[in-house]
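# Structural features, examined
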Amino acid sequence: MRGSSPRMTTKNHCNRSYITDMRPQDILLPAAAGLCCKPGGFHIDPVRPVERAVITHGHSDHARPGHGTVLATRETLDMMRLRYGDNFAGSTQAIAYGESIRTGDVTIKFHPAGHVLGSAQIAVSCKGTCIVASGDYKDAPDPTCAPFEVVRCDVFITEATFGLPVFRHGDAADEVKKLLASVALFPERAHLVGAYSLGKAQRVIALLRLAGYDAPIYLHGAMEAITSYYQSRGVALGDLRPARGMKKADLAGTITLAPPSATSDIWTRRFPDPVTAFASGWMRVRARARQRGIELPLVISDHADWDGLTATIEATGAREIWVTHGQEDALVHWCKTKGLAARPLDLVGYGDEDEGDTAPAEGFAS
Ligand SMILES: [Zn+2]
Ligand SMILES: [Zn+2]
């Protein structure tokens, strides 16, 4: 890419070493700009501009513009370019899943996080100690991205967006069946599905196709660019059309996807008697659906639920768990009951794009 900063060199083998194990906090430490790796000279998902950023995925709370260099998957880099323009960073370097890069005393390896297209967990190894920063992740199946991979490690850094036992997402395919049943029941009405523009919208479309729905699906303008990017990366989404310019009567019996904020504004007036749906893990909480005026709540999340978080923590074999954004307390407590060292990281600045909040800022505004 552009820029002349020295590239990190590629190395293909693991770096389990004979040297004394390092203390995890000497490898990664929470700082104002985000998680800082001093021995490697980089930050993970920095919330402020830094010299060298390593980025897990394209959601705007993790992937911000203005860094000197960015190391991320090709898809994450492309999404940042789509969102922020060509000059979003001084220089960029793409890394594939399974690829290792050596920087200073540290080896960085990327693994699929199953969250959105291109999302990665970042394994940071230094002198025999391995820490995995998982970013956002889910262990549930998603036809639009590579499945989550369990990475054995000493310290596992996990989010806790749905870190309470009440959150059990169930099967997303069943939620999509509810949507299709409603479409069949109300052929004279339009169905408006609120879904985050990056990841959730494309997943809902793919699930509709898997359920056998092959009619055109309509899109809010804010979703067109990222959705055609998914298609360009080989994600099959079928016949998609802009909702813009359609006659009101012709939208009866159809499904349109829109950013969550659009489903409650004047934009909806172009649809005949719309049924408003919202695809989010928060829809498990009925009060939240009512509050937003959602007629058809669909519990579909791109974050691990309680069972997913706890099963993943156990599967990593990590003895120490660091918990980032979300409902940290319950998860930290659960870890301790299992004899694991655990603590909240108190990082700020995350959770304001996808499901981190019920009223998120929406990226890709048209
Ligand atoms: Zn995310
Ligand atoms: Zn997040």
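Residues numbered from 1 in each chain as written. Chains lettered and ligands numbered in written order. Predicted model: local features only at pLDDT ≥ 70, side-chain atom pairs only at ≥ 80, totals over all residues.

The helix and strand tally for the protein chain stands at eight helices and 20 strands. Computed over the C-alpha atoms, the radius of gyration of the protein chain is 21 Å, within 12% of the 21 Å expected from 2.2 N^0.38 for a compact globule of 366 residues. For the protein chain, the C-alpha atoms occupy an extent of roughly 70 × 50 × 35 Å along the three principal directions. Per-residue burial over the protein chain gives 50% buried out of 366 residues. A separation threshold of at least 6 residues defines the contact pool for the protein chain, and within that pool the share at least 24 residues apart is 63%. (Helix = DSSP H or I, 4+ residues; strand = E, 2+ residues; numbered from the N terminus. Rg over C-alpha atoms; globule rule 2.2 N^0.38 Å. Buried ≥ 20, exposed ≤ 12 C-beta atoms within 10 Å, placed from the backbone. Contact = placed C-beta atoms within 7 Å.)

Put simply, helix 3 (residues 172-185) and helix 4 (residues 200-210) touch, their axes get as near as 10 Å, and they point 75° apart. Taken together, helix 3 and helix 4 sit at an angle that is classed as roughly perpendicular. The residues of helix 4 that touch helix 3, namely those facing Ala172, Ala173 and Val176, are Val204, Leu207 and Leu208. Grouping the constituent residues of the contact of helix 3 with helix 4 by class yields six nonpolar, no polar and no charged. (Axes fitted to C-alpha atoms, helices over the stretch in contact; angles between N-to-C directions. Parallel < 35°, antiparallel > 145°, perpendicular 65-115°, else oblique. Nonpolar A, V, L, I, M, F, W, Y, C, P; charged D, E, K, R; others polar.)

With burial as the criterion, each face of strand 16 (residues 255-258) is covered, one bearing Ile255 and Leu257 and the other bearing Thr256 and Ala258. Judged from the four bridges that link them, strand 13 (residues 191-194) and strand 16 form a sheet pairing that is parallel. Bridge pairing links Gly194 to Ala258 in strand 16. Strand direction decides the pairing type here: strand 14 (residues 217-219) and strand 16, joined by three bridges, are parallel. The partner of Tyr218 across the bridge, within strand 16, is Thr256. (Pairing = 2+ DSSP bridges.)

Moving on to the sheet that holds strand 18 (residues 296-298). Read across the open sheet, the six strands follow the order 15-14-16-13-17-18; overall the sheet is parallel. Strands with a single pairing partner mark the edges of an open sheet, and in this sheet they are strand 15 (240-242) and strand 18. In this sheet, neighbouring strand axes are inclined to one another by 25° on average, regardless of whether the strands run parallel or antiparallel. Pairing of strand 14 with strand 15, which is carried by three bridges, proceeds in the parallel orientation. Considered in strand 15, the bridge of Leu219 is made with Pro242. Along the sheet, helix 3 contacts strand 13, strand 16, strand 17 (275-279) and strand 18; its crossing angle with strand 18, the most-contacted strand, is approximately 155°. The strands that helix 4 touches are strand 13, strand 14, strand 16 and strand 17; relative to strand 16, the one it contacts most, it runs at about 160°.

With that settled, consider helix 5 (residues 224-232). Regarding helix 5, the residues found buried are Ile226, Thr227, Tyr229 and Tyr230. Within helix 5, the buried residues cover an arc of 155° as seen down the axis, which keeps them to one side. Contact partners of the buried residues in helix 5: helix 2 (74-84), helix 4, strand 14 and strand 15. Just downstream of helix 5 lies Gly234, where phi reads positive at about 90°. (Arc of directions from axis to C-beta.)

In terms of domain boundaries, the protein chain breaks down into domain 1 (9-166 + 303-344) and domain 2 (172-298). When each unit is reduced to the centre of its C-alpha atoms, the spacing between domain 1 and domain 2 is 31 Å. The interface is formed by 16 residues belonging to domain 1 together with 14 residues belonging to domain 2. A class-by-class count of the residues in the side of domain 1 that touches domain 2 yields seven nonpolar, five polar and four charged. (Domains from an automatic or database assignment.)

The subject of this paragraph is the sheet that holds strand 7 (residues 89-94). The six strands lie next to each other as 2-3-4-5-6-7, forming an open sheet whose pairing is mixed. Edge positions in the sheet fall to strand 2 (29-31) and strand 7, since each has one partner strand and no second. Direction aside, the axes of adjacent strands within the sheet are offset by 30° on average. Bridge analysis of strand 3 (residues 34-37) against strand 4 (residues 42-44) gives three bridges, and the strand direction is antiparallel. When the sheet's bridge partners are listed, Cys37 is paired in strand 4 with Phe42.

The subject of this paragraph is the nonpolar core. Most often, soluble globular proteins have nonpolar side chains that are buried together. Membership of the largest hydrophobic core comes to 102 residues, with the highest contact counts inside it found for Val124, Ile131, Val204 and Leu257. Looking at this core element by element, the count peaks at six residues for helix 4. In this structure, this core is formed jointly by two domains, domain 1 (9-166 + 303-344) and domain 2 (172-298), each of which donates at least three residues. Excluding residues that lie within four positions of it along the chain, Leu257 makes contacts with Val193, Ala195, Ala201, Val204, Ile205, Ile217, Leu219, His220 and Met223. (Core = buried A, V, L, I, M, F, W, Y, C linked by C-beta atoms within 7 Å.)

Moving on to the environment of Thr103. As for its position among the elements, Thr103 is in strand 8 (residues 100-103). Counting along the chain gives 220 residues from Thr103 to Val323, while the straight-line C-alpha distance between them is 25 Å.

Our focus in this paragraph is the pairing of strand 19 (residues 320-326). Burial within strand 19 is extensive, with six of its seven residues counted as buried. Here five bridges tie strand 12 (residues 155-160) to strand 19, and the two strands are oriented parallel to one another. Bridge pairing in strand 19 links Ile157 to Trp322. Where strand 19 meets strand 20 (residues 341-344), four bridges bridge the pair, whose relative direction is parallel. Across the sheet, Glu320 pairs through a bridge with Ala341, a residue of strand 20. Between strand 19 and its parallel partner strand 20, the chain crosses via helix 8 (residues 328-337), and the hand of that crossover is right-handed. (Right-handed = clockwise from strand over helix to strand, strands pointing away.)

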